[in-house]
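Tertiary structure, described
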Amino acid sequence: MLHPYMTAYSILDRSLVRRGSTPGAALRETVAFARQAEELGYHRFWVSEHHSVPGVAGSAPTVLAAAVAAATSRIRVGTGGVMLPNHRPLVVAEQFGVLESLFPGRVDMGLGRSVGFTGGIRKALGHGKDDADRFGDQLAELLGFFTGTQDAYPGVHALPAEGLRPEVFVLAMGAGADLAAGHGLPMVIGAGARMHDAVARYRAAFRPSGWAARPYVMVAADVAVGASAEEAALLQLPEAWATVRSRTGGSFPPLVPAGEIARMELGARERAYLDEALKGRIHGTQSEVAVALGTLVETSGADEVLVTMNTYDLDRRLDSYRRLARLLTG
């Protein structure tokens, strides 16, 4: 079995709101968390894009990434990701060109193909469900703005992006794995039932490019480490419960304390949704998590693991990431 510390480890933080707090506080907590992640030795710190979600403050990832990069000095900073169908490639190229110019050698451009969750959000963004099908063309156009080879708009240049090379990643949602392979880009995929087939397909179809000479797989996983397996499992309850609420009520709400959720009397439908939301998450003591991560890395061949765990209690969240960092550094 491969040892988990042979793989790079990074963090995705979605700036989740906690009950009784505000979106502004969640964003400030993200910046503070990035500084802590850098001190703990994590490789990257990514932020995300969500629109009109009560429990998620991260709506403008390039703006937040700039704040994170300004507050840190070594850790790579990026997006997991910018949802390209929501934006014009020229504007995305310009934004990342500015980031790479201000923070050279530290910027990651993670790109996804999702569109707004509801019809109202899509209308407000000026896009429809079908726009996700244009992701491959948009991706080619975006990359062309960096290389100076785009020909859709003769004479148009993305400044200061042209000639720069942030690291580019494709989130493997839907056809994302095939598009990443075809464009010769690193891929990010969630740990789960479809992971192995997608990774095998990606590696088989990968075409080397000026962006990446070989396939590169980053696997996203929710990982919690505690003094006991029970303590670690409790850390994952708040986000899982918010996912249940989004499925039963239509909206992802602010996080609530784990103990409060554990004391709830759940109906069969809620219990089934909660079990589904918790499925595949890794939790346990340091030794238990070491075994689980070793298995994940071995079966996926992951070059990197993107840890996504969030919880209501910020101190307990930091403790989990600190325990994980200790595990990875031996």
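Residues numbered from 1 in each chain as written. Predicted model: local features only at pLDDT ≥ 70, side-chain atom pairs only at ≥ 80, totals over all residues. Heavy atoms only, no water.

The name that an unreviewed UniProt entry assigns to the chain is LLM class flavin-dependent oxidoreductase, with the source organism given as Nonomuraea monospora. Turning to the chain, the UniProt annotation filed under Sequence similarities (unreviewed entry) states: "To bacterial alkanal monooxygenase alpha and beta chains." (UniProt positions renumbered as here; feature names shortened; annotations may be inferred.)

When you tally the buried positions in strand β5 (residues 107-112), you get six out of six residues, the bulk of the element. Burial along β5 is two-sided: the face carrying Val-107, Met-109 and Leu-111 and the face carrying Asp-108, Gly-110 and Gly-112 are both buried. Sheet topology places strand β3 (residues 76-79) next to β5; two bridges connect them, and they run parallel. The residue bridging Val-77 from the neighbouring strand is Val-107, located in β5. Note: strand β4 (residues 82-83) against β5, two bridges, orientation parallel. From the neighbouring strand, Met-83 faces β5, where its bridge partner is Gly-112. Once the chain exits β4 it traverses helix α3 (residues 89-102) before rejoining the sheet at β5, and the crossover so formed is right-handed. Judged from the four bridges that link them, β5 and strand β6 (residues 167-171) form a sheet pairing that is parallel. In the sheet register, Met-109 faces β6, and the bridge partner there is Val-168. (Buried < 20%, exposed > 50% of the residue type's maximum accessible area, 1.4 Å probe, protein only. Helix = DSSP H or I, 4+ residues; strand = E, 2+ residues; numbered from the N terminus. Pairing = 2+ DSSP bridges. Right-handed = clockwise from strand over helix to strand, strands pointing away.)

Turning our eyes to something else, we now look at the pairing of β3. Burial along β3 is two-sided: the residues Arg-76 and Gly-78 and Val-77 and Thr-79 are all buried. As defined by bridge partners, strand β2 (residues 44-47) adjoins β3 across four bridges and the pair is classed as parallel. Its bridge partner being in β3, Arg-44 is matched across the sheet by Arg-76. Following the chain from β2 across helix α2 (residues 61-71) to the adjacent parallel β3, one finds a crossover that is right-handed.

Another aspect to go through is helix α9 (residues 237-249). In a regular helix each residue adds 1.5 Å, so 13 residues correspond to 18 Å; α9 covers 17 Å between its end C-alpha atoms and thus fits that length. Of the positions making up α9, those classed as buried are Leu-237, Pro-238, Glu-239, Ala-240, Trp-241, Ala-242 and Val-244. Along its buried surface, α9 packs onto α8 (229-235), α10 (258-262) and α11 (268-278). Immediately downstream of α9, the backbone of Gly-250 shows phi near 90°, a positive value. (Expected span 1.5 Å × (residues − 1). Contact = heavy atoms within 4.5 Å.)

Moving on, we come to the side chain of Glu-304. When you line up the elements, Glu-304 lands in strand β11 (residues 304-307). Only 2.7 Å separates the side chain of Glu-304 from the side chain of Arg-44, close enough to count as a polar contact. Leave out the neighbours within four places in its chain, and Glu-304 touches Thr-7, Ala-8, Tyr-9, Ser-10, His-43, Arg-44, Tyr-216, Val-217, Met-218 and Val-219. (Polar contact = N/O pair within 3.5 Å; in protein donor to acceptor, adjacent residues only side chain to side chain.)

Between helix α7 (residues 195-205) and helix α12 (residues 286-300), the least distance of the axes is 10 Å, while the angle of their chain directions is 40°. Considering the angle they form, α7 stands oblique to α12. Between α7 and α12, the contacting residues are Met-195, His-196, Val-199 and Arg-203 on the first element and Leu-296, Thr-299 and Ser-300 on the second. Class assignment of the residues belonging to the contact of α7 with α12 gives a composition of three nonpolar, three polar and one charged. (Axes fitted to C-alpha atoms, helices over the stretch in contact; angles between N-to-C directions. Parallel < 35°, antiparallel > 145°, perpendicular 65-115°, else oblique. Nonpolar A, V, L, I, M, F, W, Y, C, P; charged D, E, K, R; others polar.)

Before going further, it helps to spend a moment on the packing of aromatic side chains. Across all of its chains, the model carries seven aromatic pairs by this definition. Pairing Trp-46 with Phe-169 gives two aromatic rings, centres 5.1 Å apart and planes at 70°, and the pair type is edge-to-face. Here Trp-46, found in strand β2, pairs with Phe-169, found in strand β6; they are 123 residues apart in sequence, far enough to count as distant. Assessed through its relative accessible area of 1%, Phe-169 is described here as buried. Across from the ring centre of Trp-211, 4.8 Å away, lies the NZ or CZ of Arg-165, which sits over that ring. Lying over the aromatic face of Phe-33, Arg-317 brings its terminal NZ or CZ to 3.8 Å of the ring centre. (Phe/Tyr/Trp six-rings, centres within 6.5 Å; stacked < 30°, edge-to-face > 60°. Lys NZ or Arg CZ within 6 Å of the ring centre and 35° of its normal.)

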